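One-letter residues, chain by chain:
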Amino acid sequence: MSKYKLVSNKLYGSIAKLIEQSRHILTRNINQAMVYTYYEIGRMIVEGEQQGKQRAEYGRSVLKELSKKLTSRFGKGFSERNLEQMRYFYVVYSQRQISQTASAKSSKLVIKDKILPQKFQLSWSHYIMLMRIDNVDERNFYEIESLNNNWSLRELVR
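Rules used in this analysis
- Residues numbered from 1 in each chain as written.
- Predicted model: local features only at pLDDT ≥ 70, side-chain atom pairs only at ≥ 80, totals over all residues.
- Heavy atoms only, no water.
- Salt bridge = Lys/Arg side-chain N within 4 Å of Asp/Glu carboxyl O.
- Helix = DSSP H or I, 4+ residues; strand = E, 2+ residues; numbered from the N terminus.
- Buried < 20%, exposed > 50% of the residue type's maximum accessible area, 1.4 Å probe, protein only.
- Contact = heavy atoms within 4.5 Å.
- Polar contact = N/O pair within 3.5 Å; in protein donor to acceptor, adjacent residues only side chain to side chain.
- pLDDT = per-residue confidence, 0-100.
- Phe/Tyr/Trp six-rings, centres within 6.5 Å; stacked < 30°, edge-to-face > 60°.
- Lys NZ or Arg CZ within 6 Å of the ring centre and 35° of its normal.
- Patch = residues over 30% accessible without salt bridge, like charges linked within 9 Å, V, L, I, M, F, W, Y side chains within 5 Å.
- Areas by Shrake-Rupley, 256 points an atom, 1.4 Å probe, with all protein chains shown as cover.

Caption draft 1: Representation of the pattern of salt bridges in the model. Tallying each qualifying case throughout the model produces 4 salt bridges. Arg 43 is the partner of Glu 47 in a salt bridge, and the nearest nitrogen-oxygen pair spans 3.1 Å. With Glu 47 and Arg 43 both in helix α1 (residues 9–49) and 4 residues apart, the pair spans about one turn of that helix. You can call Glu 47 partly exposed: its relative accessible area is 38%. Across the pair Glu 65 and Lys 69 runs a salt bridge whose closest N-O atoms are separated by 3.3 Å. One end of the pair, Glu 65, and the other, Lys 69, are both in helix α2 (residues 56–74), 4 residues apart, so they sit about a helical turn from each other. For Glu 65, a relative accessible area of 47% corresponds to the partly exposed category.

Caption draft 2: Focus on the environment of Ser 79. As for its placement among the helices and strands, Ser 79 is situated in the loop between α2 and α3 (80–98). Residues in contact with Ser 79, not counting those within four places in the same chain, are Ser 67 and Thr 71. Here the side chain of Ser 79 touches Asn 82 through a polar contact of 3.1 Å, landing on its backbone nitrogen.

Caption draft 3: Structural context of the confidence of the model for the chain. Looking at the chain, pLDDT values average 80 and 74% of them are 70 or higher. No element of the chain has a lower mean pLDDT than strand β1 (residues 108–111), at 49, and none a higher one than helix α4 (residues 124–130), at 91. Here residues 98–109 scores under 50 on pLDDT; set against residues more than four positions off or in separate chains, the count is 15 contacts.

Caption draft 4: Molecular detail of the packing of aromatic side chains. As enumerated under the stated definition, the model contains 14 aromatic pairs in all. Aromatic pair Phe 89 and Tyr 127: ring centres 5.3 Å apart, planes at 55 degrees, arrangement tilted. Linking Phe 89 in helix α3 with Tyr 127 in helix α4, this pair joins segments that are 38 residues apart in sequence. Both residues of the pair, Phe 89 and Tyr 127, count as buried. Here a set of aromatic residues connected by ring pairs shows up, and it is made of Tyr 36, Tyr 38, Tyr 39, Phe 89, Tyr 90, Tyr 93, Phe 120, Trp 124 and Tyr 127. Above the plane of the ring of Tyr 93 lies Arg 139, whose end atom (NZ or CZ) is 6.0 Å from the centre.

Caption draft 5: Layout of a nonpolar patch on the surface. A surface patch of nonpolar side chains, amounting to about 260 Å² of accessible area, comprises Leu 11, Ile 15 and Ile 19. Note that Ile 19 resides in helix α1.

Below is the structure:
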């Protein structure tokens, strides 16, 4: 009898399932941390660099310089376009932040000494797609459907 046959299929199946579940949880947590980070970057751009105003020339200069510095230090992912999307993400979703109910504020996430409500449960790609929807009710509907039905980005787009 081969030494590999000693491991039962049931034991192997249980361990494989645990590993897959753990990987899924890790991926979801990494994605959520990225989305919160992008939200916070958007806030910092809007509130810190632009003092909450949409000044086009100043904003373009800030994003161009910021993109160069961040890309130099952290690699790709911080193009001017991506920074614009992060800024827009903050603008769009900060409105929802204001209208959240007290019950939704009970679960918190801490990033750099800031406590944020856990409201971003989809991937960054999902939010990029959702931000294209101008109607707030429609956007909320698709966000809820994506969460409840565990839609992939492809399913959301469809």
